[in-house]
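Coordinate analysis (summary)
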There are 2 protein chains.
Amino acid sequence: MNPGTPQGITVPAGFRASGVTAGLKASGGSDVALVVNDGPSKQAAAVFTSNRVAAAPVHWSRQVVSDGRVDAVILNSGGANACTGAQGFGNTHTTAEKTAEALGISATDVFVCSTGLIGEQLPMEKLLPGVNAAVAGLDDDGGTAAAEAIRTTDSVRKESVAVEDGYTIGGMAKGAGMLAPGLATMLVVLTTDADLSGPDLDDALRNATRVTFDRTDADGCMSTNDTVVLMASGASTVKPDKAQFTRALTGLCQDLAQQLITDAEGASHDIAITTVNAASEDDAETVGRAVARSNLFKTAIFGQDPNWGRVLSAVGTTDAAFEPDELNVSINSVQICRNGGIGDSRDLVDLSGRKVTVEIDLKAGNESATIWTNDLTHEYVHENSAYSS
Amino acid sequence: MNPGTPQGITVPAGFRASGVTAGLKASGGSDVALVVNDGPSKQAAAVFTSNRVAAAPVHWSRQVVSDGRVDAVILNSGGANACTGAQGFGNTHTTAEKTAEALGISATDVFVCSTGLIGEQLPMEKLLPGVNAAVAGLDDDGGTAAAEAIRTTDSVRKESVAVEDGYTIGGMAKGAGMLAPGLATMLVVLTTDADLSGPDLDDALRNATRVTFDRTDADGCMSTNDTVVLMASGASTVKPDKAQFTRALTGLCQDLAQQLITDAEGASHDIAITTVNAASEDDAETVGRAVARSNLFKTAIFGQDPNWGRVLSAVGTTDAAFEPDELNVSINSVQICRNGGIGDSRDLVDLSGRKVTVEIDLKAGNESATIWTNDLTHEYVHENSAYSS
């Protein structure tokens, strides 16, 4: 895997992509992306937001992928098409139909993703010409143009490639880290020229996202539109071992997830919270999330304050197995809390850098998990209070 | 109940109180408070933080109140005595012993509360002389001095009195609203001259706090020290009907809870989130809390942005009974979301005032609940990042 590779989704054989400007975004940037799987295989899998208030494209795309086949993904920024009722669903349907017509495929094989403001109808008079332009612009090297077109508040485009033994995986993502998940729905498109069945892709994707995207946690605000879709063309003719493919896919997802965290504009720290010696992986994850969601902890890190009391307070709200007077907490490798009480001097902790590691030792077992988040800053408040007004 | 009454806990007959300066606080303000129940009855009840990382005084006081009797409450600001290990527990014990000795009572009837920074030992050489001074300063009108001494970041002291038929209830509280619960542990002392048993007081207190203090919700950050204690002297000789007493106590707790919310310095809006037509009260509370804990929603309100999409996103993360396409949301009485989609114009919503009401209609039953919170502001980030460094 090479994060510096300039392309993503069109590196695997069998894919074309494009990114064009339909005029949906006030910024005037490109805003419609298209990814087409030319096969020979067109197997696919996807995971979606668990938010019950899901956007129209999520409802549509769940159906599209339910048979394990996706021929094309059409994506737009500049409008989430969420909370838009029957008209919104109709607009997603129309977008898929238009894409299918231009490509000569079935609309039921066209996956749709949208991102932008909730509660507004998409301007179809702009979007539909954009769909035609995207089809006309399809290119074997179009991955980067597509990655550009799905940006919203992202300061940079996010792509990744994993070159494995005889096959490759490519990916693109959008979402400005954990700073503003509400305006930065996470959309991820993954491609591979490996030859894998839909069920195998589904297994691999769920295993990969569970320990990567699902563990980047801001404020527990789940978007209405979050979507990760994986398509396989089979063009390499290589049928990889499923475990090996899952490891490669997980590495690529982790690279993209780190790009999301790092691009949290306004955030001043990237925080990795690792819970060790937990009785179960669930416990480790629960404890990490509780700390990651503590505004008090997140503002302390912004203030370069190694306030371990706020870590313990957050841990204490969980039902994980531990004894309060046995907890150890290290921040940037300094064990400032030992056995639930005062440990090494807090003056030893240097929080001037961007990377922060927190390690919580539950002394209750052998499982561990890492949750990634950012600090809570003035910029977070500014960006999220100024968005739609 | 009259929120403007200048006194609180010493209005009911049978109580003396004091507030003195021991030198625990950098500000130099008073920092030790004492409340003594002179009887004839000395029945009591208390509720404590559910945080498993509880401070030494919480562990001590749980034991003190377990027999339904409390003779005195000694409180200090300037140090939470949390995460302080065996030495910290010893310091709480010593504080109770010293108080008991000066009052000529048993240490096992002395309830202890502390508030301030976590993870530092109390300066006992200052605190213990303060205890003696507090005993010496006890006064029939000492309630206000006590309410002053428990302030930390509170910009005003918080007292309340309820005058009922033949008896009264008094209260004092500290905690700067939901702005900074970590540095503003909620401590509440309630007194009454009604004649009620420990178990009846316990019932009444749990019912009252469940719908008042427990429903003021900031960021889910529970303090290690939160405590509410209720003492009855029986000095009025009136034995009120338990239901009537519970109603009166609930009203007084609600008044104090509103004072906490209103004193969230830096917060620019007080937000009441009412969920109606829920299938159960639990559902209504769960939905309200999910919205109250959404940083995206809270920053939107700070920005005077009636962003109902963020309300729906938060509701969608819960397991409450509802259909996404049936949800109605009103902000300040304007129904801007109807049937899960676009309702009346957002331009009709005026968020320039401090009070904000959000009503979420689940259309799933007949139950309702209100959660109170504040917005998320630059001041929140500032206060909480600058506290301990």
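Just so it is clear, the structure is predicted and the values come from calculations on it, not from any experiment.

Structural alignment of chain A on chain B gives an RMSD of 0.0 Å, achieved by rotating through 180° and translating 0.0 Å along the axis. Both chain copies can therefore be described as sitting about a two-fold axis. Among all residues of chain A, the minimum C-alpha distance to the rotation axis is found for H378 of chain A, at 2.8 Å. When the interface residues of chain A are mapped onto chain B, 100% of them again fall at the interface, so both copies present the same face.

Two numbers describe a pair of packed helices, the interaxial angle and the distance between the axes. All names here are of chain A. Running from N to C, helix α7 (residues 281–292) and helix α9 (residues 308–315) point in directions that differ by 130°, and their axes come no closer than 8 Å. With respect to α9, the element α7 is oriented oblique. In the packing of α7 onto α9, the handedness of the crossing is right-handed. Mapping the contact onto sequence places V287, A290 and V291 in α7 and V311, A314 and V315 in α9. Within the contact of α7 with α9, the residues separate by chemical class into six nonpolar, no polar and no charged.

Residue and element names in this part refer to chain B. Most of strand β7 (residues 168–174) sits inside the fold, with seven of its seven residues counted as buried. Here β7 shows two buried faces, one formed by T168, G170, M172 and K174 and the other by I169, G171 and A173. Pairing of strand β6 (residues 158–163) with β7 involves six bridges; the strand directions are antiparallel. By the bridge assignment for β7, V161 is matched with G170. Connecting the antiparallel pair β6 and β7 is a turn made up of four residues, with G166 showing a positive phi of about 95°. Pairing analysis gives six bridges linking β7 to strand β8 (residues 187–192), with the strands arranged antiparallel. Residue pairing for β8: G171 is matched across the bridge by L190.

Turning our eyes to something else, we now look at the sheet that holds strand β14 (residues 355–361) of chain A. All names here are of chain A. The six strands lie next to each other as β13-β12-β11-β14-β10-β15, forming an open sheet whose pairing is mixed. Only two strands of the sheet have a single partner each, and these edge strands are β13 (341–342) and β15 (367–374). Note that strand β12 (residues 334–338) and β13 share two bridges and pair antiparallel. Note on β13: the bridge partner recorded for C337 is I342. α7 rests against β10 (270–278), β14 and β15 of the sheet, and its axis sits at about 20° to β15. Contacting β11 (328–331), β12, β13 and β14, α9 crosses the sheet at an angle of about 55° to β12.

Before going further, it helps to examine the packing of aromatic side chains. Residue and element names in this part refer to chain A. Taken as a whole and judged by the stated rule, the model has six aromatic pairs over all chains. Ring geometry for Y167 versus F245: centroids 5.9 Å apart, planes at 40°, classification tilted. Taken together, the residues Y167 in the loop between β6 (158–163) and β7 (168–174) and F245 in helix α6 (residues 242–262) connect sequence positions 78 residues apart. F245 matches Y167 in its accessibility class, with the two residues each being buried.

The next subject is the confidence of the model for chain A. Residue and element names in this part refer to chain A. Scored by pLDDT, chain A comes out at a mean of 91, with 94% of its residues at no less than 70. Here residues 1–5 scores under 50 on pLDDT; set against residues more than four positions off or in separate chains, the count is 10 contacts. Within the model, the stretch residues 178–183 combines pLDDT values under 50 with 30 contacts to residues more than four positions away or in other chains. ipTM for the predicted complex: 0.85, alongside a pTM of 0.87.

A side chain of one charge can pair with a side chain of the opposite charge if their charged atoms are brought near each other. Residue and element names in this part refer to chain A. If you walk through the whole model with that rule in mind, you get 40 salt bridges over all chains. Here D202 and R206 are joined by a salt bridge, their closest N and O atoms 3.0 Å apart. Within this pair, D202 and its partner R206 are both found in helix α5 (residues 198–210), separated by four residues, close to a single helical turn. Note on R206: relative accessible area 44%, which makes it partly exposed. Residue K242 is joined to D203 by a salt bridge in which the shortest nitrogen-to-oxygen separation is 2.7 Å. Placement of K242 in helix α6 and of D203 in helix α5 is noted, with a sequence separation of 39 residues between them. Here K242 falls in the partly exposed class, since its relative accessible area comes to 31%. Overlapping salt bridges bring together R210, R215, E281, E285 and R289 as one network.

Thresholds applied
- Residues numbered from 1 in each chain as written.
- Chains lettered and ligands numbered in written order.
- Predicted model: local features only at pLDDT ≥ 70, side-chain atom pairs only at ≥ 80, totals over all residues.
- Heavy atoms only, no water.
- Least-squares fit on C-alpha atoms with pLDDT ≥ 70 in both.
- Contact = heavy atoms within 4.5 Å.
- Axes fitted to C-alpha atoms, helices over the stretch in contact; angles between N-to-C directions.
- Helix = DSSP H or I, 4+ residues; strand = E, 2+ residues; numbered from the N terminus.
- Parallel < 35°, antiparallel > 145°, perpendicular 65-115°, else oblique.
- Left-handed = near helix turned anticlockwise from the far one by under 90°.
- Nonpolar A, V, L, I, M, F, W, Y, C, P; charged D, E, K, R; others polar.
- Buried < 20%, exposed > 50% of the residue type's maximum accessible area, 1.4 Å probe, protein only.
- Pairing = 2+ DSSP bridges.
- Phe/Tyr/Trp six-rings, centres within 6.5 Å; stacked < 30°, edge-to-face > 60°.
- pLDDT = per-residue confidence, 0-100.
- Salt bridge = Lys/Arg side-chain N within 4 Å of Asp/Glu carboxyl O.

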